[in-house]
Amino acid sequence: MEHMVDHERDGTPVLITEAAPSYEEQHAARKRKYAIMMGARIPCLVLAMVFYQTWWLALLFLVLSVPLPWMAVLIANDRPPRKAEKANRFVKEHRAIEARGHQVIDG
């Protein structure tokens, strides 16, 4: 019997909870995303200054840098999406009654 159980499981852990990441983990991830997006604004502004003689390229970098703070705040204030993952859940095998015919005694 135990041999059957070992054969059916592939070694992946069984999910026993659907708990979300802790508040501290979520907050750290949001702060990291905010810092990355705000950090991306600085190179855009620097590149706009470097290419000031090519007006259309400087304008492109400026236009790219304008929505970054707004997007960073929206993303930082949004809660993380739920992960769509296939969980390895324990499924109890149901036993069926024997399918052969049985003798019925009428009283």
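In this text the structure is predicted, and so the values were computed from the model without any measurement. (Residues numbered from 1 in each chain as written. Predicted model: local features only at pLDDT ≥ 70, side-chain atom pairs only at ≥ 80, totals over all residues. Heavy atoms only, no water.)

**Some points on helix α3 (residues 55–65)**
For α3, the full list of buried residues reads L57, A58, F61 and S65. Down the axis, α3 shows its buried residues gathered within 100° of arc, on one side only. More than 90 degrees from the buried face of α3, the exposed residues found are W55, W56 and V63. Considering only its buried residues, α3 is in contact with α2 (23–50) and α4 (68–77). (Buried < 20%, exposed > 50% of the residue type's maximum accessible area, 1.4 Å probe, protein only. Helix = DSSP H or I, 4+ residues; strand = E, 2+ residues; numbered from the N terminus. Arc of directions from axis to C-beta. Contact = heavy atoms within 4.5 Å.)

**What about a nonpolar patch on the surface?**
A cluster of nonpolar residues, I42, V46, L47, M49, V50 and F51, forms a patch on the protein surface that exposes about 530 Å² of accessible area. By the secondary structure assignment, L47 is in helix α2. On the basis of relative accessibility, which here comes to 32%, the residue L47 falls in the partly exposed class. (Patch = residues over 30% accessible without salt bridge, like charges linked within 9 Å, V, L, I, M, F, W, Y side chains within 5 Å. Areas by Shrake-Rupley, 256 points an atom, 1.4 Å probe, with all protein chains shown as cover. Salt bridge = Lys/Arg side-chain N within 4 Å of Asp/Glu carboxyl O.)

**A closer look at the UniProt feature "transmembrane region" (unreviewed entry) in the chain**
Within the UniProt annotation, "transmembrane region" (unreviewed entry) is assigned to residues 34–52 and 58–76. The straight-line gap between the two end C-alpha atoms of residues 34–52 is 28 Å; of that span, 89% is helix and 0% is strand. (UniProt positions renumbered as here; feature names shortened; annotations may be inferred.)

**Observations regarding the packing of α2 against α4**
One way to put it is that α2 packs onto α4 with a least axis distance of 9 Å and a crossing angle of 175°. With respect to their mutual orientation, α2 and α4 come out roughly antiparallel. Of the residues in α4, those touching α2 at R30, K33, Y34, M37, M38, A40 and R41 are L68, P69, M71, A72, V73, I75 and A76. Of the residues that constitute the contact of α2 with α4, the class distribution is 11 nonpolar, no polar and three charged. (Axes fitted to C-alpha atoms, helices over the stretch in contact; angles between N-to-C directions. Parallel < 35°, antiparallel > 145°, perpendicular 65-115°, else oblique. Nonpolar A, V, L, I, M, F, W, Y, C, P; charged D, E, K, R; others polar.)

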